Amino acid sequence: MSLQLGDTAPDFTAETTLGEIRFHDWLGDGWGVLFSHPKDYTPVCTTELGYTARLKDEFAARGVKVIGLSVDGIEDHRGWQKDIEETQSCSVEFPMIADPDMKVAELYGMIHPNASDRFTVRSVFIIDPKKKVRLTMNYPASTGRNFNEILRVIDSLQLTDGHKVATPVNWQQGEDVIIVPAVSNEDAARLFPDGWNEIRPYLRTVPQPKK
Ligand code: BEZ
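Residues numbered from 1 in each chain as written. Predicted model: local features only at pLDDT ≥ 70, side-chain atom pairs only at ≥ 80, totals over all residues. Heavy atoms only, no water.

**A word on the site of the ligand**
Within the structure, the ligand sits among Pro-38, Thr-42, Pro-43, Val-44, Cys-45, Arg-122 and Ala-141. With respect to the ligand, the side chain of Thr-42 contributes an N or O atom lying 3.0 Å from an oxygen atom. Pro-43 places a polar main-chain atom, nitrogen or oxygen, 3.2 Å from an oxygen atom of the ligand. No other element matches helix α2 (residues 43-54), which puts three residues into the shell around the ligand. (Near = heavy atom within 4 Å. Polar contact = N/O pair within 3.5 Å; in protein donor to acceptor, adjacent residues only side chain to side chain. Helix = DSSP H or I, 4+ residues; strand = E, 2+ residues; numbered from the N terminus.)

Okay, structure coming up:
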């Protein structure tokens, strides 16, 4: 069965563009994003990796380490990295896992045989500091992912881990959030002393709490 939300992210040792890593050690105490792409030297992947590299400060501000993967070898990764940097005006400072024997890809269910038995799909895993999988996402090879959405989910997870709130449709940083249904009005009065907007008894919104 594929990895599900709340599962522990499997540990592994792998060769990367920044040397060999043991995944859990590399993650340390922070958040991580592991994402796969189908193949080196392909156009959509090139734009995704370039954009991710340019988001370096955004990931760092959230305490998130990023790591890519494809089932190509380390020499291809190194050569392609140069192309990404030249064509996407960036410096790729995060590691890319070389997984030619598909060991990590199989562990994380990144091979979807009915889509392709040779290449990984575009998978994303957001992993929290307890090494729990908090988001999984699979995109087809022909559709580049929205990495701003990945940042948005991280913002939501980090906020909702610290407060008894959830984030509504299309929520963006700074917008109102929802008091979770498990919080009674009595408890809400203590947690949100400035009050809330009760649209329905089950739909109560408050300004976004500070992280
Ligand atoms: C790409 O990254 O451009 C790509 C990879 C596999 C299939 C289609 C597109």
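More follows now that the structure is in view.
**Thoughts on the domain arrangement of the chain**
For the chain, the assigned domains are domain 1 (13-144) and domain 2 (163-206). For domain 1 versus domain 2, the distance between C-alpha centres works out to 35 Å. (Domains from an automatic or database assignment.)

**Section: the environment of Phe-147**
Its location among the elements puts Phe-147 in helix α6 (residues 147-162). Taking relative accessible area as the criterion, Phe-147 reaches 2% and is therefore assigned buried. (Buried < 20%, exposed > 50% of the residue type's maximum accessible area, 1.4 Å probe, protein only.)

**Focus: the pairing of strand β6 (residues 122-127)**
In terms of residue burial, β6 counts as a mostly covered element, since six of its six residues are buried. Burial along β6 is two-sided: the face carrying Arg-122, Val-124 and Ile-126 and the face carrying Ser-123, Phe-125 and Ile-127 are both buried. Of the strand pairs in this sheet, strand β3 (residues 31-36) and β6 are connected by four bridges, and their pairing is antiparallel. By the bridge assignment, Phe-35 is partnered in β6 with Val-124. As defined by bridge partners, β6 adjoins strand β7 (residues 133-139) across six bridges and the pair is classed as antiparallel. Along β7, the bridge assignment pairs Ile-127 with Val-133. (Pairing = 2+ DSSP bridges.)

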